Amino acid sequence: MSMFLETLIGGLLAGTMYSMVAIGFVLIYKASGVFNYAQGSILLFAALTFVSLTDQGVPAFGAIALTIALLVLMAITIERLLLRPLTNRSPMTLFMATLGLSYLVEAVAQGTMGSQVRALDLGIDDLPIFLGDIMISQFDLVAAGVALTLGIALSLLFNRTRIGIQLRGVADDTRAALSLGIDINRIWQIVWAVAGIVGLVAGLLWGARQGVQFSLSLVVLKALPVLIIGGFTSIAGAILGGLIVGASESLAETYIGPFLGGGITPWFAYALALVFLFIRPAGLFGERQIERV
Amino acid sequence: MTTPTRPALELKNVSLSFKGVKAISELSFRVEAGEICALIGPNGAGKSSLLNILNGVYVPDAGEIILEGEHFSRMQPLEAARRGIGRGFQNNALFSGMSVIDNAITGLSRHSRLTLVEEMFRLPRARHEERRFRERAHEVLRLFGLDRHAATVVGTLPYGVQKKVELARAIVAEPRLVLLDEPLAGMNASEKQEIAAVIARLNRELKLTIVLIEHDIGIVLELAHHVVVLDYGRKLADGPPETIRDNPDVIAAYLGSERAEIAA
Amino acid sequence: MSEIDLPIAAPTIDKVGLRAVGLAAIALPVLAGPFLASEYWINAIIVPFLILSLAGLGLNLLTGYAGQLSLGAGAFMMVGAYATFSLQLRVPDLPLPLALVVSGLIAAALGLAFGIPSTRIKGFYLIVSTLAAQFFFEWLFLKFPWFYDGNSSATIALPRGLTVFGLNAETPHGRYYLTLGTVLLVTLLSFNLVRSQTGRNWMATRDMDTAAAVIGVPVVRAKLQAFAVSSFILGIAGALWAFAYLGSASVQSFGLSRSYQILFIIIIGGLGTIRGAYLGAAFVSLLPLALDWLFQHLFSGHVDAGLLQNIQKGIFGLLIMWFLIKEPEGLARLLGVKLPARRRLFPSSQT
């Protein structure tokens, strides 16, 4: 029983990391209908920039500020040069464009800042805590706390503030939002910048865990099943989806894995997502689209 | 041929809602075989939704659809096509990357009997079917004066011409019932007359039953044998054009909202 | 009625397309002539170019024609390669060409299975299903030694080498003609297919699937057929990649980056055109050479390999975005601008 609980809790905590990455996708998808495949590369870019700056002796605060400034600049550039010319194109085209974007961002990040693994110390102790005989990683607890705070803060931002309400307007009915004089391009820039900052936070936590390296950009592959399960348009869905994926992945590896020779984590989340697609194509919190012909 | 006593289509207490909002409530009416039935009503009255129910795109919450005597609680898109329901869409739903003739031939899909292997190797049966389909498509294109555009990519044609391609595709498979969603929208007066004449001819010569949505009251009164007026998903009036024209409810609801639309 | 009376009703021929095949059929062996002396060109450039064209063609039928996005091209190439290996190892009597066809069919069956979700979901959601295939097969073929016959390096190579009906095809010429023959045959069949009702059903599904279903296009069947045919071609391409190009292959030969590469080939070459696969494959094969040459000459020698790789990656990223924004029909369109508009894109009605 305690092994089950330990596996479950470990999985749930790891899941919050997935959630955090997924939140970045949800923001952009809500505002512009784009599944941003480059989110992983942006996360890598952000973490790599931060590490490079601190390695140069820039204090952490300054490094964060500079990285955020770069991310905002990047968001504006992406909106101007990529999203605007692709307005009204199919979601598939937009997706493929972000795949191209991910190549460019990765190339720039690694070309200018190197591709070796960089250690990142956030000053969080990773000593295990024992609850009875269940071992929990302290680092994971902190990461989970950050993810939850981020999720709640963003939900508040988008439900309570003017910009958030405008964003929802854009998401619900782009044409109506335009006719109400909402500056849709500005909204996109803001959302991409916020998603970049979410990426920075996620990148720092993941980076502290496994080192800042190329594989960070592959978190995009983890986020996809999370989004399918939670729904592409809901922050709550992203959090819940992350928890479900994290927990079931870790339980499956422990209890099903041995029968299949182990190592099933890379595809298990996808299999789970496919099952969800058949039961609930719009995800747990997503809305079903009405066909218009 | 259907017997004159049996309607081509009948709806009984059909209701539809989206996310709890009623789009159509307990709608019943019948369409006789061989008639042109016009659905009119202000925007949002549920006219297009009704056609989508008949095509199986939307699933009604309740009610019954009776097609040539057979009862359905819902249709499936392919099933509807197989039972001879043709459809023209409101905002051209053409295959924009394909040529005019290919759009038309695609409408014949349900008549295709080929296997993948026959098509891959262009076996005699495949060549024969292709030739037959092409002839039929050209026949229909000629009807709408579209033959000179046959090889043109549909997306590059003007709107009015695309509307005609839409019509051609709707009737190419020789349906028994055609549902047309604003076939004359966006056309100028002479184009409207031309297409209205083609619709009347199809109805007269091929005994094609037609249900159409149209906003131009003048054309509706001229073309239709039977008019159903919808407002907020309910039936407001149902009868021959002459009685509809003088119905005070219709004048109030329909013309009233028309005026409101113009004012807006 | 004879065809002569009905020129307008005769089967359409994609003149441009046919010309491209004709040109390729004649020009390639001719072009190869001067290089026949150079084993390097055949082995390292022409053969992989042809195989990548074939893979691009397979993916283009699914993504460019039927509109079903896939990030799992590598997975089905992998299936084809491992199936061919197994067949050659365990059914030694089966000649290689037949083994290739059977492997294609196995890939088609599995492609169809992973295509089933497409009947419920649309657009980029499908990448979940195709990525699932990618990760699942990577795991499967690495996890169970049966698939690579317990080889200590977990690689596969044909037990009797490349033999076609008893002839040794291990020479550069042999590899070249085996590949060229396969590619031309598959291209011809694909041409026929995209001009048939199935091809039209694919394009209708891509352009407007709800409307397609309503006017009687069997959308579900069309999607599944696209998955099967595409995976069939990818499977054969994978087997050729493993045994006619690499010689011995592993799961890494068909990883996610291979899937991206094939997708990039059709985006750059031209989505929904057959010649696009060739153009894109040529581009993808030649760009690294061109860059290499450029840097050799510009910086006379020493350029960091990692940097070169990143530059190449950045150029691909930029090109993908540029093509999607400016020219969704890719190089196929760019190189075709001089032809009259109506013949450039679609079949004219005359033979």
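Reading the values: the criteria
Residues numbered from 1 in each chain as written. Chains lettered and ligands numbered in written order. Predicted model: local features only at pLDDT ≥ 70, side-chain atom pairs only at ≥ 80, totals over all residues. Helix = DSSP H or I, 4+ residues; strand = E, 2+ residues; numbered from the N terminus. Rg over C-alpha atoms; globule rule 2.2 N^0.38 Å. Buried ≥ 20, exposed ≤ 12 C-beta atoms within 10 Å, placed from the backbone. Contact = placed C-beta atoms within 7 Å. Nonpolar A, V, L, I, M, F, W, Y, C, P; charged D, E, K, R; others polar. Axes fitted to C-alpha atoms, helices over the stretch in contact; angles between N-to-C directions. Parallel < 35°, antiparallel > 145°, perpendicular 65-115°, else oblique. Left-handed = near helix turned anticlockwise from the far one by under 90°. Pairing = 2+ DSSP bridges. Domains from an automatic or database assignment. Expected span 1.5 Å × (residues − 1). Core = buried A, V, L, I, M, F, W, Y, C linked by C-beta atoms within 7 Å. pLDDT = per-residue confidence, 0-100.

*Asks:* Give a description of the overall build of chain B that names residues and reports values.
*Replies:* Looking only at helices and strands, chain B features ten helices and ten strands. Computed over C-alpha atoms, the radius of gyration of chain B comes to 19 Å, within 12% of the 18 Å expected from 2.2 N^0.38 for 264 residues, which places it in the range of a compact globule. Along the first, second and third principal axes, the C-alpha atoms of chain B reach 60 × 40 × 40 Å. In chain B, buried positions account for 47% of the 264 residues.

*Asks:* Let's hear about the interface of chain B and chain C: which residues, and what values?
*Replies:* Between chain B and chain C, the contact holds 42 residues from the first and 32 residues from the second. Elements that contribute at least two residues to the side of chain B that touches chain C include exactly helix 2 (77-82), helix 3 (100-106), helix 4 (116-120) and helix 5 (124-143) of chain B. For the side of chain B that touches chain C, the element with the highest residue contribution is helix 5 of chain B, accounting for seven residues. For the side of chain B that touches chain C, the class distribution of residues is 20 nonpolar, ten polar and twelve charged.

*Asks:* I'd love a proper account of the interface of chain C and chain A, names of residues and values included.
*Replies:* In this complex, chain C contributes 32 residues to the contact, which on the side of chain A involves 39 residues. For the side of chain C that touches chain A, the secondary-structure elements that each account for two or more residues are helix 5 (126-143), helix 8 (209-214) and helix 12 (305-326) of chain C. In terms of residues, the side of chain C that touches chain A owes the most to one element, helix 12 of chain C, which gives 13 residues. Residue composition of the side of chain C that touches chain A, by class: 22 nonpolar, seven polar and three charged.

*Asks:* Tell me about the packing of helix 3 (residues 60-83) of chain A against helix 8 (residues 184-210) of chain A, and please be specific about residues and values.
*Replies:* Residues and elements named next belong to chain A. Helix 8 packs onto helix 3 with a crossing angle of 140° between their chain directions and a minimal axis gap of 8 Å. Comparing the axis directions of helix 3 and helix 8 gives the class oblique. Note that helix 3 runs across helix 8; the crossing there is right-handed. Contacts between helix 3 and helix 8 involve Thr67, Ile68, Leu71, Val72, Met74, Ala75, Ile76, Ile78, Glu79 and Leu83 from the former and Asn185, Trp188, Gln189, Trp192, Ala193, Gly196, Ile197 and Leu200 from the latter. Its residues placed into classes, the contact of helix 3 with helix 8 shows 13 nonpolar, four polar and one charged.

*Asks:* Run through the pairing of strand 7 (residues 177-181) of chain B, naming residues and quoting values.
*Replies:* Residue and element names in this part refer to chain B. The element strand 7 is largely enclosed, with a buried count of five among its five residues. As judged from the four bridges shared by strand 6 (residues 85-88) and strand 7, these two strands associate in the parallel manner. Considered in strand 7, the bridge of Arg87 is made with Leu179. Two strands pair when backbone bridges link them, and strand 7 and strand 8 (residues 209-213) are joined in this way by five bridges, in the parallel orientation. In the sheet register, Leu180 faces strand 8, and the bridge partner there is Leu212.

*Asks:* Could you give an account of the domain arrangement of chain B, with specific residues and numbers?
*Replies:* All names here are of chain B. The domains assigned to chain B are domain 1 (1-84 + 177-187 + 208-264) and domain 2 (94-174). Placing a centre on the C-alpha atoms of domain 1 and another on those of domain 2 gives a separation of 28 Å. Of all the secondary structure elements, the ones that give two or more residues to the side of domain 1 that touches domain 2 are helix 2 and strand 7.

*Asks:* Got a sec to walk through the sheet that holds strand 7 of chain B? Specific residues and values, please.
*Replies:* Residue and element names in this part refer to chain B. Pairing is mixed across the open sheet formed by six strands, whose spatial order is 6-7-8-3-9-10. In the strand order of this sheet, the two ends are held by strand 6 and strand 10 (234-239), each with one partner. Between one strand and the next, the sheet's axes are offset by a mean angle of 15°, whatever the strand orientation. Pairing of strand 3 (residues 36-40) with strand 9 (residues 226-231) involves four bridges; the strand directions are parallel. Opposite Leu39, over in strand 9, you have Val228 as the bridge partner. This element, helix 1 (residues 47-55), spans strand 3, strand 6, strand 7, strand 8 and strand 9 of the sheet and lies at about 145° to strand 7.

*Asks:* Give me the environment of Phe114(C): which residues, what numbers.
*Replies:* All names here are of chain C. With respect to the helices and strands, the residue Phe114 is situated in helix 4 (residues 96-115). Owing to 24 C-beta atoms within 10 Å, Phe114 belongs among the buried residues under this scheme. Separated by 179 residues in sequence, Phe114 and Trp293 have C-alpha atoms that sit 41 Å apart. Not counting chain neighbours up to four residues away, the residues in contact with Phe114 comprise Gly72, Ser129, Thr130, Ala132 and Ala133.

*Asks:* Please give an account of helix 10 (residues 256-269) of chain C that cites residues and values.
*Replies:* Residues three or four positions apart in an α-helix share a direction because the helix packs 3.6 residues into each turn. Residue and element names in this part refer to chain C. Helix length check: helix 10, at 14 residues, gives a terminal C-alpha distance of 20 Å against a target of 20 Å (1.5 Å per residue), a fit within 8%. Taking burial as the measure, the 14 residues of helix 10 include ten buried ones, the bulk of the element. Among all positions in helix 10, only Arg258, Ser259, Ile262, Leu263, Phe264, Ile265, Ile266, Ile267, Ile268 and Gly269 are buried. Count one or two residues on from helix 10 and you reach Gly270, which has phi positive near 140°.

*Asks:* If you had to explain the packing of helix 4 (residues 91-113) of chain A against helix 12 of chain C to someone new, which residues and values would you point to?
*Replies:* Helix-helix packing: each pair is described by the crossing angle between the helix axes and the interaxial distance. Interhelical geometry of helix 4 of chain A versus helix 12 of chain C gives an angle of 155° and a closest axis separation of 8 Å. For the element pair helix 4 of chain A / helix 12 of chain C, the angle class is roughly antiparallel. For the crossing formed where helix 4 of chain A meets helix 12 of chain C, the hand is left-handed. In the contact of helix 4 of chain A with helix 12 of chain C, the residues fall into 15 nonpolar, seven polar and two charged.

*Asks:* Tell me about the nonpolar core, and name the residues and values.
*Replies:* Among the nonpolar cores identified, the biggest contains 293 residues, and Val191(A), Ala81(C) and Val128(C) are the most heavily contacted of them. Per-domain counts for this core show at least three residues from each of domain 1 (1-84 + 177-187 + 208-264) and domain 2 (94-174) of chain B. In this view, Val191(A) contacts Leu27(A), Ile28(A), Ala31(A) and Leu167(A); residues no more than four positions away in its chain are not counted.

*Asks:* Account for the environment of Phe61(A), with residues named and values stated.
*Replies:* Tracing the backbone shows Phe61(A) in helix 3. Here the alpha-carbon distance between Phe61(A) and Phe50(A), two residues eleven residues apart in the chain, equals 9.9 Å.

*Asks:* So what's going on with the confidence of the model for chain C? Residues and values would help.
*Replies:* Residue and element names in this part refer to chain C. Of all residues in chain C, 85% have pLDDT values of 70 or greater, and the mean over the chain is 85. Counted against residues more than four places away or in other chains, residues 1-13, with its pLDDT under 50, gives 22 contacts. Ignoring residues within four places in sequence, the model shows residues 337-351, a span with pLDDT below 50, making 30 contacts including any to other chains. For this predicted complex, the interface score ipTM comes out at 0.91, while the overall pTM is 0.90.

*Asks:* Which residues make up the sheet that holds strand 4 (residues 62-67) of chain B, and what are the values?
*Replies:* Residues and elements named next belong to chain B. With respect to topology, four strands assemble into an open sheet ordered 2-1-4-5, the strand pairing being antiparallel. Each edge of the open sheet is held by one strand with a lone partner, namely strand 2 (21-31) and strand 5 (70-72). Across the sheet, the mean angle from the axis of one strand to that of its neighbour is 25°, orientation sign disregarded. In this sheet, strand 4 lies alongside strand 1 (residues 9-18) in antiparallel orientation, the contact comprising five bridges. From the neighbouring strand, Leu9 faces strand 4, where its bridge partner is Leu67.

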